[in-house]
Structures are given as C-alpha cells and as structure tokens.
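This is what each chain is made of:
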Amino acid sequence: MRFLMTLWWMVVAVVIGIFSYRNWADVTLALWGPLQADIKLPLLMALMFALGALPVWLVMRGRLWAVKRKLMLAERPVISSPPAPMPTESDSQIAP
C-alpha cells in the first residue's frame, strides 16, 4: 500500500511539473491604482490554492484542538473529597 501512495504522489508531481512547464507565462495583476504586478501563472495558482486552503486548515486545527481539550477533561480523574469519618461511641457520649 505504501508503494501505491508513493506512486500516486509521483504521478501528481509529474503532472504538476508538466503543467507548470507548459504554462510558464507572465500574468499581469492589476493592483490598486496604476500599480501592476507580473507573476508566473503556476506561482499564482499555487498561491491561490494555499490562500483557499488556509481557512479550511485553520478550522480543522481548531476543531482538533477542541476535541483534544474535551478528551483531556473527560479522561482527567475525578477528585472527590474523602468521606467524613464515622462517629464512634466515644464521640456520641456527652462529656460531663
């Protein structure tokens, strides 16, 4: 199974490499006002993918943190006060 995962990621890397090689062109981004920026298309796509995946990743990390915190609270031993001592006969007698 490990071999298949390695093979899959190798295929994905080759496809991304071929796509990047064939689309290595400048893209002009119109920023604010007369300001413009030139960036290569594969870099722009990688940046947009990362920006789109960031909120989903942050939500996932937040939920994992909450679940781990709840698990720690649930697994923590319950601390209870020791039981009160039972009264003995000498305690129940009133001293003169």
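Report on the accompanying structure. (Residues numbered from 1 in each chain as written. Predicted model: local features only at pLDDT ≥ 70, side-chain atom pairs only at ≥ 80, totals over all residues. Heavy atoms only, no water.)

**What about a nonpolar patch on the surface?**
A grouping of Met-1, Phe-3, Leu-4, Leu-7, Val-11 and Val-15 is seen on the molecular surface, where their side chains present a nonpolar patch of about 660 Å² in accessible area. By secondary structure assignment, the location of Phe-3 is in helix H1 (residues 2-22). Accessibility expressed as a relative area gives 60% for Phe-3, which makes it exposed. (Patch = residues over 30% accessible without salt bridge, like charges linked within 9 Å, V, L, I, M, F, W, Y side chains within 5 Å. Areas by Shrake-Rupley, 256 points an atom, 1.4 Å probe, with all protein chains shown as cover. Salt bridge = Lys/Arg side-chain N within 4 Å of Asp/Glu carboxyl O. Helix = DSSP H or I, 4+ residues; strand = E, 2+ residues; numbered from the N terminus. Buried < 20%, exposed > 50% of the residue type's maximum accessible area, 1.4 Å probe, protein only.)

**Some remarks on the packing of aromatic side chains**
The final tally for this structure, using the stated rule, is 0 aromatic pairs. Sitting over the ring of Trp-65, Arg-69 keeps its end group 4.7 Å from the ring centre. (Phe/Tyr/Trp six-rings, centres within 6.5 Å; stacked < 30°, edge-to-face > 60°. Lys NZ or Arg CZ within 6 Å of the ring centre and 35° of its normal.)

**Examining helix H2 (residues 41-75)**
Between its first and last C-alpha, H2 extends 50 Å over 35 residues, near the 51 Å set by a 1.5 Å rise per residue. If you look at H2, its biggest bend is around 30 degrees, right at Leu-54, and the proline Pro-55 turns up within four residues after that. (Expected span 1.5 Å × (residues − 1). Bend = angle between axes of the 7 residues up to and from the residue.)

**What about the pairing of strand E2 (residues 36-40)?**
Alignment of strand E1 (residues 26-30) against E2, held across 5 bridges, turns out to be antiparallel. Across the sheet, Ala-30 pairs through a bridge with Gln-36, a residue of E2. In sequence, E1 turns back onto E2 through a hairpin of 5 residues, with Gly-33 there showing a positive phi of about 65 degrees. (Pairing = 2+ DSSP bridges.)

**Some remarks on the pattern of salt bridges**
Here the structure, examined in full by the defined rule, presents 1 salt bridge. The partner of Lys-40 in a salt bridge is Asp-26, with the nearest N and O atoms 3.0 Å apart. Taken together, the positions of Lys-40 in strand E2 and Asp-26 in strand E1 put the pair 14 residues apart, joining distant regions of the chain. Classification of Lys-40 by relative accessible area gives partly exposed; the value is 24%.

**A look at the environment of Met-45**
Mapped onto the secondary structure, Met-45 falls in helix H2. C-alpha of Met-45 to C-alpha of Arg-69: the two residues are 24 residues apart in sequence and 36 Å apart in space.

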